[in-house]
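What follows is each chain in one-letter form.
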Amino acid sequence: IIKYYYSRGLVEEKLGLYEQAFNQFVHAQENPGYRNITPAITWESIKLYTSLAEKIKPISVACSHPIHSPVFLVGFPRSGTTLLDTVLRSHCSVEVVEEKNQLVFTENMAIREFGKKIEDFADLESAQLDRLRHEYWKRLNSNVRGPGKIIIDKLPLNIVKIPLIKVLFPNAKVILAIRHPCDSVLSCFQQIFQPNPAMANFTSLAGAINFYSKVMTAWNKYCESFPVDYHTIKYEDLIEDFDGSMAKIINFLDIEWSESIKDYRSTALKRGTINTPSATQVSQPLYKTSIGKWENYQRHFEEHLPLLNPWIKQWGYS
């Protein structure tokens, strides 16, 4: 029945029946799988990592020797990370590990084996950090096929765990995927995700907007607390100026331009299973129909704009 409402919502949206479509998406989110799942766990995690961020600065200063690190691709869900992932993995020098939980494993290991709370990860000893890195790499490398490439660890909501990334890999590069906040939250609300505490934030438009604000507030606090070596890529820029946007990322990654990245559709088709809701979209030519889609549902956004406007301004969409 959930899939029925979801499919009907998509059809009505295509027909321009936006009020009816919105109501179908509301029904599609009435998933009994969320009955005993609360999004509060993710809010608490953000709170703890924000506390950690405030204690972290000495670590980045104290790290004298370079530590081998992957690149982290993060952002709010539905911000174009799957498209970017597919384009980047089309480059012969890049391998992307998509949506695996090696960072979650590392976090849990620090808590269980070393008895550390998240907000106290700054106190991890050198030997403990080495062990955590070893376990992280063991899990990451089990998903890597091409040795010697730049490895990109892509999991959008790792944006919340930036302080853990900083503790483990002080010099890590981060690619931050951004999309118009309204389009991003609308798209999250319009998906059927596997129920878990993070996805429980998307069972209503208001919930998605509230979560967006929490995540981006945390990002700002992280950047105020310690230096993050990051490059921002906007979904809309990637669609409007593919070559220009990708040239900046290629430069950030310090690799040579390759025309192969333009053949990302072939890469998508060869990949087989893609573990995100964008699976069918990334094998299509670039299209602009997802840009500004939220304006069709503007009535439902009006009461939430006070919360969204600061982010619309920060990311340059106002």
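Look above for the structure.
In what follows, the accompanying structure is described.

1. Remarks on the overall build of the protein
What the protein contains, in helices and strands, is 15 helices and five strands. Taking 2.2 N^0.38 as the reference for a compact globule, 318 residues should give roughly 20 Å; the C-alpha atoms of the protein span a radius of gyration of 20 Å, in line with that estimate. The C-alpha extent of the protein, read off along each of the three principal axes, is 60 × 45 × 35 Å. Taken across its 318 residues, the protein has 54% of its residues classed as buried.

2. Quick look at the side chain of Ser290
Among the structural elements, Ser290 can be located in the loop between α13 (264-271) and α14 (298-301). Residue Ser290 is classed as buried on the basis of its relative accessible area of 12%.

3. Some remarks on the environment of Ala200
As for its position among the elements, Ala200 is in the loop between α9 (181-189) and α10 (205-225). Sequence separation between Ala200 and Ile37 is 163 residues; the distance between their C-alpha atoms is 6.9 Å. Beyond its immediate chain neighbours, meaning those up to four positions away, Ala200 contacts Tyr34, Ile37, Thr38 and Pro39.

4. A few points about a nonpolar patch on the surface
Together, Val11, Leu15 and Leu17 make up a nonpolar patch on the protein surface, roughly 270 Å² of accessible area in all. Judged by relative accessible area, Val11 falls into the partly exposed class, the value being 48%.

5. Observations concerning the environment of Asn143
Tracing the backbone through its elements, the reader meets Asn143 in the loop between α7 (126-141) and β3 (150-154). Residues Asn143 and Glu98, spaced 45 residues apart in sequence, show a C-alpha to C-alpha distance of 8.9 Å. If we ignore the near neighbours within four places in the chain, the residues touching Asn143 are Glu95, Val97, Lys100 and Gln102.

6. Structural notes on the sheet that holds strand β4 (residues 173-178)
What the five strands build is an open sheet, ordered β2-β3-β1-β4-β5; its pairing is parallel. Only two strands of the sheet have a single partner each, and these edge strands are β2 (94-98) and β5 (229-234). Adjacent strand axes in the sheet meet at a mean angle of 25 degrees when their direction is disregarded. Pairing between strand β1 (residues 71-75) and β4: five bridges, direction parallel. The partner of Phe72 across the bridge, within β4, is Val174.

7. Description of the environment of Leu84
By secondary structure assignment, the location of Leu84 is in helix α5 (residues 81-88). By relative accessible area, which is 1% here, Leu84 ends up buried. Between the C-alpha atom of Leu84 and that of Leu73, which follows or precedes it by eleven residues, the distance is 9.0 Å. With sequence-adjacent residues up to four places away left out, Leu84 is seen in contact with Leu73, Ile175, Ile233, Leu238, Met246 and Ile249.

8. Considering the pairing of β3
By the criterion of burial, β3 is predominantly enclosed, with four of the five residues buried. Where β1 meets β3, three bridges bridge the pair, whose relative direction is parallel. Across the sheet, the residue bridging to Val71 is Ile152, located in β3. When β2 meets β3, the two strands line up parallel, connected through five bridges. Bridging across to β3, Val94 finds its partner in Ile150.

Rules behind the numbers
Residues numbered from 1 in each chain as written. Predicted model: local features only at pLDDT ≥ 70, side-chain atom pairs only at ≥ 80, totals over all residues. Heavy atoms only, no water. Helix = DSSP H or I, 4+ residues; strand = E, 2+ residues; numbered from the N terminus. Rg over C-alpha atoms; globule rule 2.2 N^0.38 Å. Buried < 20%, exposed > 50% of the residue type's maximum accessible area, 1.4 Å probe, protein only. Contact = heavy atoms within 4.5 Å. Patch = residues over 30% accessible without salt bridge, like charges linked within 9 Å, V, L, I, M, F, W, Y side chains within 5 Å. Areas by Shrake-Rupley, 256 points an atom, 1.4 Å probe, with all protein chains shown as cover. Salt bridge = Lys/Arg side-chain N within 4 Å of Asp/Glu carboxyl O. Pairing = 2+ DSSP bridges. Axes fitted to C-alpha atoms, helices over the stretch in contact; angles between N-to-C directions.

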